[in-house]
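The primary structure of each chain is shown beneath.
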Amino acid sequence: QEDQIIIADDMRFMNEAISAMKRDGQLWRIVSPSAIRADERRRRYKGFLGKLFHLKKGKHASEGNLDDLEFDVTIVNDGTVEQLEAKVLDALKSIR
């Protein structure tokens, strides 16, 4: 039997990430350049000010819960849909 790839395309909570890791899953993250800049600002203002800054930007409580995790793959979505698809397919080839 061939190994299966199962994709959960919307993971926002720590318990979801833990469940995937317990099953030897990989955590992938697709980010936009603006999200990278926001993460850098948040890390600069850790603690209360970081949380306040995060909330002021209008993010929902479920967003950002996994920001401090170490991801197996991070893909920067800075191009067309076709370019993003090519990046994902390239990354998938590396785990097969």
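In what follows, the accompanying structure is described. Just so it is clear, the model here is predicted, and its values are computed rather than measured.

### A word on the overall build of the protein
And step 1. Helix and strand content of the protein: four helices and two strands.
And step 2. A total of 96 residues make up the protein; the buried ones form 18% of that total.
And step 3. Partitioning the contacts of the protein with sequence separation of at least 6, the portion at a separation of at least 24 is 71%.
And step 4. Total accessible area computed for the protein in this model is approximately 7800 Å², and 52% of it derives from carbon and sulfur atoms.

### A look at a nonpolar patch on the surface
And step 1. A contiguous nonpolar patch, built from I5, I7 and I95 and spanning about 280 Å² of accessible area, is present on the exposed surface.
And step 2. One can find I95 in helix α4 (residues 81-95).

### With respect to the nonpolar core
And step 1. Counting residues in hydrophobic clusters, the biggest one holds five residues: A17, A20, L27, L66 and F71.
And step 2. The contacts of L27, once residues within four sequence positions are left out, are M11, A17, A20, M21, L69, F71, D72 and V73.

Cut-offs used in this document
Residues numbered from 1 in each chain as written. Predicted model: local features only at pLDDT ≥ 70, side-chain atom pairs only at ≥ 80, totals over all residues. Heavy atoms only, no water. Helix = DSSP H or I, 4+ residues; strand = E, 2+ residues; numbered from the N terminus. Buried < 20%, exposed > 50% of the residue type's maximum accessible area, 1.4 Å probe, protein only. Contact = heavy atoms within 4.5 Å. Areas by Shrake-Rupley, 256 points an atom, 1.4 Å probe, with all protein chains shown as cover. Patch = residues over 30% accessible without salt bridge, like charges linked within 9 Å, V, L, I, M, F, W, Y side chains within 5 Å. Salt bridge = Lys/Arg side-chain N within 4 Å of Asp/Glu carboxyl O. Core = buried A, V, L, I, M, F, W, Y, C linked by side-chain atoms within 4.5 Å.

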